[in-house]
Amino acid sequence: MKKVLVANRGEIALRIMRSLKEMGIITVAVYSEADRNALFTRYADEAYFIGPSPSNQSYLIQEKIIEVAKNAGVEGIHPGYGFLSENASFSALVQANGMTFIGPNPEAIEMMGNKLAAKQAALIQNVPLVPGTAEPISDTKEASEIAKKIGFPVLIKAAAGGGGKGMRVVENEEEFEEQLNRAQSEALNAFGDGSVFLEKYVASPRHIEIQVLSDTQGNHLYLFERDCSVQRRHQKVIEEAPSGVLTEEIRHKMGENAVKIAKACNYVGAGTVEFIMDEKLNFYFLEMNTRLQVEHPVTEMITGLDLVKEQVKIARGEAISFKQEDLKINGHAIELRVYAEDPTNNFLPDIGTLSVYRTPDGPGIRVDSGYEEGQTIPVFYDPMIAKMCVHAPTRKDAIAKMIRAIDDFRIVGVANTLAFGKFVMEHEAFSSAQFDTHFVAKHFSPEKLIENINPSQEEMDIAALVSVSYIKKDTPAKKVGIVNNQHIQTTSNWKLRSRMR
Ligand code: ADP
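Please read these numbers as outputs of a predicted model, since none were measured by experiment.

**Quick notes on the sheet that holds strand β12 (residues 269-277)**
Strand order in the open sheet made by the 8 strands is β13-β12-β9-β10-β11-β14-β21-β19, with antiparallel pairing throughout. The outermost strands of the open sheet, each flanked by one partner alone, are β13 (283-289) and β19 (365-369). Going across the sheet, the axis of each strand differs from the next one's by a mean of 25 degrees, ignoring polarity. The pairing of strand β9 (residues 206-214) with β12 spans 9 bridges and is classified as antiparallel. Residue pairing in the sheet places Leu213 in a bridge with Ala270 of β12. Lying on the sheet, helix α1 (residues 10-22) is in contact with β19 and β21 (384-392); it crosses β19 at an angle near 120 degrees.

So, in structure tokens, the structure goes:
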């Protein structure tokens, strides 16, 4: 494979191209209007414009991407994550046009893309499932009876759901019917498929997932776990490998079960089998993600592997060059997703220009950025600015390194999750590894960040130089100060933005 097109944007397009270049592969980018000047567009050996900024007019148009790929003479297409990465028809279309899809075959994507089909496969393999229904609900009365048997609270989930959407917690029998009706119509509207099913709502769950790697020769390996329990809106924001709570025995058991799932769908490539774990460390299969995950670097850090290179080698038909016994966990890695979101305002996405953007440096720090100083975060896409990962010999060292890295990261101009990351790192629940997916609800409140906001003189200076233009004209001034001999109006929002570098 000498030439590969990356059907994605931002940090992941860049991250994939870096590995491709190291493998001597020519890189091809496709970009939308908003990404004309993006880092990844400029980094690629060749870049082709594919349409207006909204992704349904550019990054999601399969035919356009195929046309560009054919004209450019590429042999493989890497879909990254999101967009077309878990689209079975795209995987098939790439193959039908004589190119290699760097990912699994359409059948595996299809089977694992439907949570119920995935559960059926798990059931056959004797992989533990959360108590619930493995068939879509057709009869409300019957479902209500099952819910009672499972015991409230129960979770109603959309079979075609994803990205934390399509889930409803039902606390008691009285509200069951109404919630079920709502869930069904929501699922139909959002995913074009109204089928929903029931799951016991695990009260204090951890989200633990296993990275798997499968080749075309039928070898399936597990690359240990990632603990992704720090979430907001059922979506991950901090991940680590290994988990702070797993024993060697449970790790091995989860790994073996993940491999069973990969085998059940004849998986090929890098994939992730997600489990939910209760307080007693019982684990249950949730779903399989048939793509590279945002959080894959923490696995790379503890295994010393490059997952993108492994994906390419597998797509070329090569056998995995190592065995399960060769894999060892080396140290501890943590990832913080640096999102353009305001943690003091319900993690609402923010947009704006990165007037100051300086990433941290030093041994054991990896920042996969999608942007550089002076660039604007577009409204059209996922608001992730960068993923920042640290690697150290122990979990304690990794936390200390992450705190240092956050302190050294400078962002002015856009609200972001850095200060939230520091809050988590410094929290006793996190340092003791005693937390679940309710970390944010249980331990975090915006006041706790605002309390800490006490900008240093240096920050005031930086902010004064660059942020004045970001004060919204209609925002009432909260404070007037003198910085660098200039009168500066500050608002709480402005202070926060400068503080949340
Ligand atoms: P999605 O495909 O939308 O990401 P998942 O099934 O992977 O949905 O679940 C996302 C998150 O929702 C999990 O990481 C967990 O925090 C929560 N969750 C899912 N199922 C359960 C459950 N049965 N009990 C409690 N929390 C759950």
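**A few points about the site of the ligand**
Taken together, 21 residues surround the ligand, and among them Lys115, Gly164, His207, Gln231 and Glu287 come closest. One nitrogen or oxygen atom from the side chain of Gln231 is found 2.7 Å from an oxygen atom belonging to the ligand. Between an oxygen atom of the ligand and a side-chain N or O atom of His234, the distance comes to 3.4 Å. When the ligand sits alone it has 550 Å² of accessible area, and the protein chains cover 95% of it. A total of 3 residues in the shell around the ligand trace back to one element, the largest contributor, which is strand β6 (residues 154-162). Looking at side-chain class alone, the shell around the ligand contains 7 nonpolar, 7 polar and 7 charged residues. When residues are assigned to domains, the shell around the ligand turns out to be shared by domain 2 (131-200) and domain 3 (206-450), each giving three or more.

**Things to note about the domain arrangement of the protein chain**
Per the domain assignment, the segments making up the protein chain are domain 1 (3-102), domain 2 (131-200) and domain 3 (206-450). A straight line from the C-alpha centre of domain 1 to that of domain 3 covers 24 Å. The partner domain 3 presents 30 residues to the 33 residues of domain 1 that form the contact. Here domain 1 packs against domain 3, burying approximately 2,300 Å² in sum over the two surfaces, 57% of which is carbon and sulfur.

**Thoughts on the confidence of the model for the protein chain**
For the protein chain, per-residue confidence averages 91 on the pLDDT scale, and 90% of positions sit at 70 or higher. For the protein chain, strand β23 (residues 479-483) is the element with the lowest average pLDDT, namely 36, and strand β1 (residues 3-6) is the one with the highest, namely 99. With pLDDT under 50 throughout, residues 467-501 is counted as low confidence; its partners more than four residues away or in other chains account for 71 contacts.

**A look at unusual backbone geometry**
Glycine aside, negative phi is the norm for most residues, and most peptide bonds take the trans geometry. Cis peptide bonds are those with omega within 30 degrees of zero, and the linkage from Phe152 to Pro153 qualifies with -5 degrees. In this structure, Pro153 sits in the loop between α7 (140-150) and β6. A cis amide bond links Ala241 to the next residue, Pro242, at an omega of -5 degrees. Mapped onto the fold, Pro242 is located in the loop between β11 (235-241) and α9 (248-264). Despite not being glycine, Phe83 shows a phi value in the positive range, around 40 degrees. Positive phi, close to 50 degrees, is recorded for Arg233, a residue that is not glycine. Among the structural elements, Arg233 can be located in the loop between β10 (220-232) and β11. Accessibility expressed as a relative area gives 45% for Arg233, which makes it partly exposed.

**Some points on the pairing of strand β14 (residues 332-339)**
In terms of burial, β14 is largely enclosed, as 8 of its 8 residues are buried. Taking every second residue as pointing to the same face, both faces of β14 are buried, with His332, Ile334, Leu336 and Val338 on one and Ala333, Glu335, Arg337 and Tyr339 on the other. Across 4 bridges, the pairing between β11 and β14 is antiparallel. In the sheet register, Glu239 faces β14, and the bridge partner there is Glu335.

**A closer look at the packing of aromatic side chains**
Taken as a whole, this structure holds 17 aromatic pairs when the rule is applied. Between Phe83 and Tyr381 the ring centres are 6.5 Å apart and the planes differ by 85 degrees, which places this aromatic pair in the edge-to-face class. Linking Phe83 in the loop between β4 (76-78) and α4 (88-96) with Tyr381 in the loop between β20 (376-377) and β21, this pair joins segments that are 298 residues apart in sequence. The exposure class assigned to Tyr381 is buried, which follows from its relative accessible area of 10%. We note Lys21 situated over the ring of Tyr43; from NZ or CZ to the ring centre the distance is 3.8 Å. Arg395 extends its terminal NZ or CZ atom over the ring of Phe430, reaching a point 4.6 Å from the ring centre.

**Some words on empty space enclosed by the protein**
As enumerated under the stated definition, the model contains 2 cavities of 30 Å³ or more in all. Here the second largest cavity is characterised by a volume of approximately 50 Å³. Looking at the second largest cavity, it is lined by 13 residues, and the ones nearest its centre are Pro79, Ile102, Gly103, Arg291 and Gln311. Residues that form the lining of the second largest cavity fall into these classes: 6 nonpolar, 6 polar and 1 charged. Looking at the lining of the second largest cavity, you find at least three residues from each of domain 1 (3-102) and domain 3 (206-450).

**So, the pattern of salt bridges**
Under the definition given, this model contains 39 salt bridges. Ionic pairing is found between Asp306 and Arg15, a salt bridge with its closest N-O pair at 3.0 Å. In this pair, Asp306 is assigned in the loop between α10 (296-303) and α11 (307-315) and Arg15 in helix α1, connecting sequence segments 291 residues apart. Each member of the pair, Asp306 as well as Arg15, carries the same accessibility label: buried. Between Lys253 and Glu249 there is a salt bridge, with the nearest N and O atoms lying 4.0 Å from each other.

**Remarks on the sheet that holds strand β7 (residues 165-170)**
The strand order β7-β6-β8 describes an open sheet built from 3 strands, whose pairing is antiparallel. Sheet topology places β7 and β8 (196-200) at the edges, where each strand pairs with a single neighbour. Strand-to-strand twist across the sheet, computed as the mean angle between neighbouring axes with direction ignored, equals 25 degrees. Relative to β7, β6 is paired through 5 bridges, and the arrangement is antiparallel. Note on β7: the bridge partner recorded for Leu155 is Val169. Across the sheet, helix α8 (residues 176-191) lies against β6, β7 and β8, angled at about 10 degrees from β6, the strand it touches most.

Criteria and thresholds
Residues numbered from 1 in each chain as written. Predicted model: local features only at pLDDT ≥ 70, side-chain atom pairs only at ≥ 80, totals over all residues. Heavy atoms only, no water. Pairing = 2+ DSSP bridges. Helix = DSSP H or I, 4+ residues; strand = E, 2+ residues; numbered from the N terminus. Axes fitted to C-alpha atoms, helices over the stretch in contact; angles between N-to-C directions. Contact = heavy atoms within 4.5 Å. Near = heavy atom within 4 Å. Polar contact = N/O pair within 3.5 Å; in protein donor to acceptor, adjacent residues only side chain to side chain. Areas by Shrake-Rupley, 256 points an atom, 1.4 Å probe, with all protein chains shown as cover. Nonpolar A, V, L, I, M, F, W, Y, C, P; charged D, E, K, R; others polar. Domains from an automatic or database assignment. Buried area = accessible area lost by both parts, 1.4 Å probe. pLDDT = per-residue confidence, 0-100. Buried < 20%, exposed > 50% of the residue type's maximum accessible area, 1.4 Å probe, protein only. Phe/Tyr/Trp six-rings, centres within 6.5 Å; stacked < 30°, edge-to-face > 60°. Lys NZ or Arg CZ within 6 Å of the ring centre and 35° of its normal. 1 Å grid on protein atoms, 1.4 Å probe; cavity = no way out; pocket = protein on both sides within 12 Å on 5 of 7 lines; lining within 4 Å. Points joined across faces, edges and corners; volume = space filled by probe spheres on them. Salt bridge = Lys/Arg side-chain N within 4 Å of Asp/Glu carboxyl O.

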